Amino acid sequence: MGKEVLKVSNIEKYYGKKGNVTKAINDISFTVSEGEFVGIMGASGSGKTTLLNAIAGYTSYSGDIYLADKNINKQPVWLRSCRYLNQRLYLFPFMTVTQNLWLAQYGAKQKRSKERETAILEQMGIAHLAARYPHQISGGEQQRVALARALISQPKLLLLDEPFSSLDWETRYQFWDLIDSLKSKEITMIMVTHEPREIRALADKTILLSKGQVVTENSIL
């Protein structure tokens with residue numbers, strides 16, 4: 001593995017008001033190295049998605065998060081060099097596949113690169129769908145478009161919150177192979193999943209959460 005990309009230090013998240021406060025995540029700390037794939041598991045309500053939301057900047061928290069050695073506590077979502085992919089794809093239905101990718105580059109304040117668009121579509125195996133609209137392609141193909149859109153801005157970190165759970169198993173296995181090919185390109189990823197087979201197939205290490213706390217943090221052999 002490469003250098004440290006992410007450092008999560010003493011992160012806590014509370015919901016509610018005085019007298020009725022719930023700790024969603026409680027004093028969580030861990031690091032992720034460049035090119036590492038970290039799987040996060042735990043029962044429903046254990047704080048998995050809340051943790052991803054904190055890293056992405058979608059929710060407030062106490063503690064510190066460092067991305068590429070920079071404290072990002074005060075950075076808004078659109079300035080953090082991470083992208084989030086979950087079950088809801090949020091593709092713009094009135095835009096073609098290529099236009100969805102272009103918008104992602106614009107949002108990251110990057111100069112548009114048609115060469116990068118072509119390359120990422122070829123990598124995802126959907127270059128032939130570039131001119132189509134989301135309603136003209138299958139659910140698995142839409143998922144590939146969403147993944148391409150997340151990667152087009154070349155983020156330092158990709159966050160995945162059960163993105164493949166709605167897919168049939170044959171399509172899911174195809175995505176495992178695709179994600180595994182991204183690991184060889186040193187793309188750093190964190191994925192929340194309830195599926196142990198995904199962890200065994202993809203993860204370099206796993207973090208198990210229970211009631212908002214880290215129970216174990218182990219390498220996957």
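Rules and cut-offs
- Residues numbered from 1 in each chain as written.
- Predicted model: local features only at pLDDT ≥ 70, side-chain atom pairs only at ≥ 80, totals over all residues.
- Heavy atoms only, no water.
- Helix = DSSP H or I, 4+ residues; strand = E, 2+ residues; numbered from the N terminus.
- Rg over C-alpha atoms; globule rule 2.2 N^0.38 Å.
- Buried < 20%, exposed > 50% of the residue type's maximum accessible area, 1.4 Å probe, protein only.
- Contact = heavy atoms within 4.5 Å.
- Lys, Arg positive; Asp, Glu negative; His and termini not counted.
- Charge placed at Lys NZ, Arg CZ, Asp CG, Glu CD.
- Axes fitted to C-alpha atoms, helices over the stretch in contact; angles between N-to-C directions.
- Parallel < 35°, antiparallel > 145°, perpendicular 65-115°, else oblique.
- Left-handed = near helix turned anticlockwise from the far one by under 90°.
- Pairing = 2+ DSSP bridges.
- Salt bridge = Lys/Arg side-chain N within 4 Å of Asp/Glu carboxyl O.
- Core = buried A, V, L, I, M, F, W, Y, C linked by side-chain atoms within 4.5 Å.
- Expected span 1.5 Å × (residues − 1).
- Polar contact = N/O pair within 3.5 Å; in protein donor to acceptor, adjacent residues only side chain to side chain.

Student: I'd love a proper account of the overall build of the chain, names of residues and values included.
Tutor: In terms of helices and strands, the chain carries six helices and 10 strands. Computed over C-alpha atoms, the radius of gyration of the chain comes to 17 Å, within 12% of the 17 Å expected from 2.2 N^0.38 for 221 residues, which places it in the range of a compact globule. Projected onto its principal axes, the C-alpha positions of the chain cover 55 × 35 × 35 Å. Across the 221 residues of the chain, 49% fall into the buried class. Pairs at least 24 residues apart make up 68% of the contacts formed inside the chain by residues separated by at least 6 positions. Both charge centroids of the chain, one from 28 positive and one from 22 negative side chains, sit 9 Å from each other.

Student: Outline the environment of threonine 96, listing residues and values.
Tutor: Along the chain, threonine 96 turns up in the loop between β6 (82–86) and α2 (97–107). Separated by 84 residues in sequence, threonine 96 and glutamate 12 place their C-alpha atoms 40 Å apart. Discounting chain neighbours no more than four positions away, the residues touching threonine 96 are Ala130, Ala131, Arg132 and Tyr133.

Student: Go over the packing of helix α4 (residues 139–151) against helix α5 (residues 169–183) with me, naming the residues and quoting the values.
Tutor: Orientation of α4 relative to α5, taken along the N-to-C sense of each, is 20°, at an axis distance of 11 Å. As judged from the angle between their axes, α4 and α5 are roughly parallel. The two elements α4 and α5 meet at a crossing, and its hand is right-handed. Packed against α4, whose contacting residues are Gly140, Gln143, Arg144, Leu147 and Leu151, the element α5 presents Thr171, Gln174, Phe175, Leu178, Ile179 and Leu182 at the interface.

Student: Pulling in residues and values, what's your account of the sheet that holds strand β2 (residues 20–33)?
Tutor: Read from one edge of the open sheet, four strands run β2-β1-β4-β5, paired in antiparallel fashion. Each having just a single partner strand, β2 and β5 (70–71) make up the two edges of the open sheet. Taken together, the 10 bridges between strand β1 (residues 4–17) and β2 define a ladder with antiparallel strand orientation. Paired with tyrosine 14 across the strands is lysine 23, a residue of β2. In the packing of helix α1 (residues 48–56) onto the sheet, contacts are made with β1, β2 and β4 (62–67), and the angle to β2 comes to roughly 65°.

Student: Could you give me a rundown of the pattern of salt bridges, with the residues and numbers involved?
Tutor: Applying the stated criterion across every chain, the model contains two salt bridges. Of the charged contacts, one joins glutamate 195 and arginine 197 as a salt bridge, the two residues approaching to 2.9 Å between their closest N and O atoms. By relative accessible area, which is 15% here, glutamate 195 ends up buried.

Student: Now, about the nonpolar core: what can you tell me, with residues and values included?
Tutor: Formed by 36 residues in total, the largest nonpolar core has its most connected members in Met124 and Leu147. Those elements giving two or more residues to this core turn out to be β3 (37–42), α2, α3 (114–124), α4, β7 (157–161), α5, β8 (189–192) and α6 (196–202). At six residues, α4 tops the list of elements feeding residues into this core. Not counting residues up to four positions away in its chain, the partners in contact with methionine 124 are Arg144, Leu147, Ala148, Leu151, Leu178 and Leu182. Val5, Val8, Ala56 and Tyr61 belong to the second largest nonpolar core, which has 27 residues in total.

Student: I'd like a rundown of α5, residues and numbers included.
Tutor: For α5, with 15 residues, the first-to-last C-alpha span of 21 Å sits near the 21 Å given by 1.5 Å per residue. Here α5 has its buried residues at Thr171, Arg172, Phe175, Trp176, Leu178, Ile179, Leu182 and Lys183. Between the side-chain oxygen at the start of α5 and the backbone nitrogen of glutamate 170 there is a gap of 3.1 Å, and the oxygen is on aspartate 168.

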